[in-house]
Amino acid sequence: MQSAFFSSFEITTSPLLDCCCRLAVSCILGMLIGIERSKRFKEAGVRTHIVVCCGAALCMIVSKYGFADLGGILDGSRTSDPARLAAQVVSGIGFLGAGVIFKNGNTVRGLTTAAVLWFSAVVGLTVGAGMYVMGILAALVNLLLLVVLHRHAIGGDAYAANHLHFIVKNGYDFNGALMNQMELWQAQVTESKVDRRRDGTTEYDLTVRRRKEIEYAEMKAFMESREDVISASNSPIR
């Protein structure tokens, strides 16, 4: 039985208008969550979160009211489970979330975006059930945490990752210089791949982590100090 706290905040109007309000609110909340993700240049942006949130709300509405025309449900002689259809959204959204997760060696990207997609679906279910206050509060708290923890990351999230690529003439001499430079940068190599090429040069593919991203000026200074570096590139991993 729904508590008085939730029922007192429901929009008391015609059933059709109430369902339209639920879809509209879910679209707005999905848009707000999607804006935060799109500003981070994530794979799932505004449109994706709107569709997920609104679609989940629609599933909840259909699950609650879409089978009222079946005989015996309204008078109680035939039981039904209004959560059966909506429950499939929680598990089904996992397939969509898996599409935004990318693994590159030991580095995994997209976990937060996948979790936010799942959360958007839950917000849609909440609003679709008529619990406007809980859905709005949950979406706002989620947005606040995403913004705050992005600016003030803790734990492993506080470390930035960079992908470094070098092609050098003499790999034996470069190894020591590279390790010394990692100590100066206070960076840790989490993944490395070294290939000796047929032309005698050596190719390095490194993934390093430290508190701040390795900037272009730092990379340029290291390259200028080494005459054996043929080419080098540095790209942040976000």
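Everything quoted here is computed from the prediction, not taken from an experiment.

Draft legend 1. Region of the structure containing helix 4 (residues 84–98). At V90, helix 4 shows its maximal bend, which comes to roughly 30°. Buried within helix 4 are the following residues: A86, V89, I93 and G97. Contact partners of the buried residues in helix 4: helix 3 (46–65) and helix 5 (111–128).

Draft legend 2. Structural detail: the confidence of the model for the protein chain. Averaged over the protein chain, the pLDDT score is 81; the fraction of residues at 70 or greater is 82%. Within the protein chain, no element has a lower average pLDDT than helix 1 (residues 4–7), which sits at 44, and none a higher one than helix 5, at 91.

Draft legend 3. Region of the structure containing the packing of helix 2 (residues 15–39) against helix 5. Running from N to C, helix 2 and helix 5 point in directions that differ by 165°, and their axes come no closer than 9 Å. Relative to helix 5, the element helix 2 is oriented roughly antiparallel. For the crossing formed where helix 2 meets helix 5, the hand is right-handed. In this structure, helix 2 contributes R22, V25, S26, L29, I33 and R37 to the contact, and helix 5 contributes T112, T113, V116, F119, S120, V123, G124, V127 and G128. Tallied by class, residues from the contact of helix 2 with helix 5 come to 7 nonpolar, 6 polar and 2 charged.

Draft legend 4. Highlighting the pairing of strand 3 (residues 160–168). Strand 3 sits mainly inside the fold: 8 of its 9 residues count as buried. One ladder, built from 9 bridges, connects strand 3 with strand 5 (residues 202–210); its direction is antiparallel. Residue pairing for strand 5: I167 is matched across the bridge by E203. Here 8 bridges tie strand 3 to strand 6 (residues 229–237), and the two strands are oriented antiparallel to one another.

Calculation notes
- Residues numbered from 1 in each chain as written.
- Predicted model: local features only at pLDDT ≥ 70, side-chain atom pairs only at ≥ 80, totals over all residues.
- Heavy atoms only, no water.
- Bend = angle between axes of the 7 residues up to and from the residue.
- Helix = DSSP H or I, 4+ residues; strand = E, 2+ residues; numbered from the N terminus.
- Buried < 20%, exposed > 50% of the residue type's maximum accessible area, 1.4 Å probe, protein only.
- Contact = heavy atoms within 4.5 Å.
- pLDDT = per-residue confidence, 0-100.
- Axes fitted to C-alpha atoms, helices over the stretch in contact; angles between N-to-C directions.
- Parallel < 35°, antiparallel > 145°, perpendicular 65-115°, else oblique.
- Left-handed = near helix turned anticlockwise from the far one by under 90°.
- Nonpolar A, V, L, I, M, F, W, Y, C, P; charged D, E, K, R; others polar.
- Pairing = 2+ DSSP bridges.

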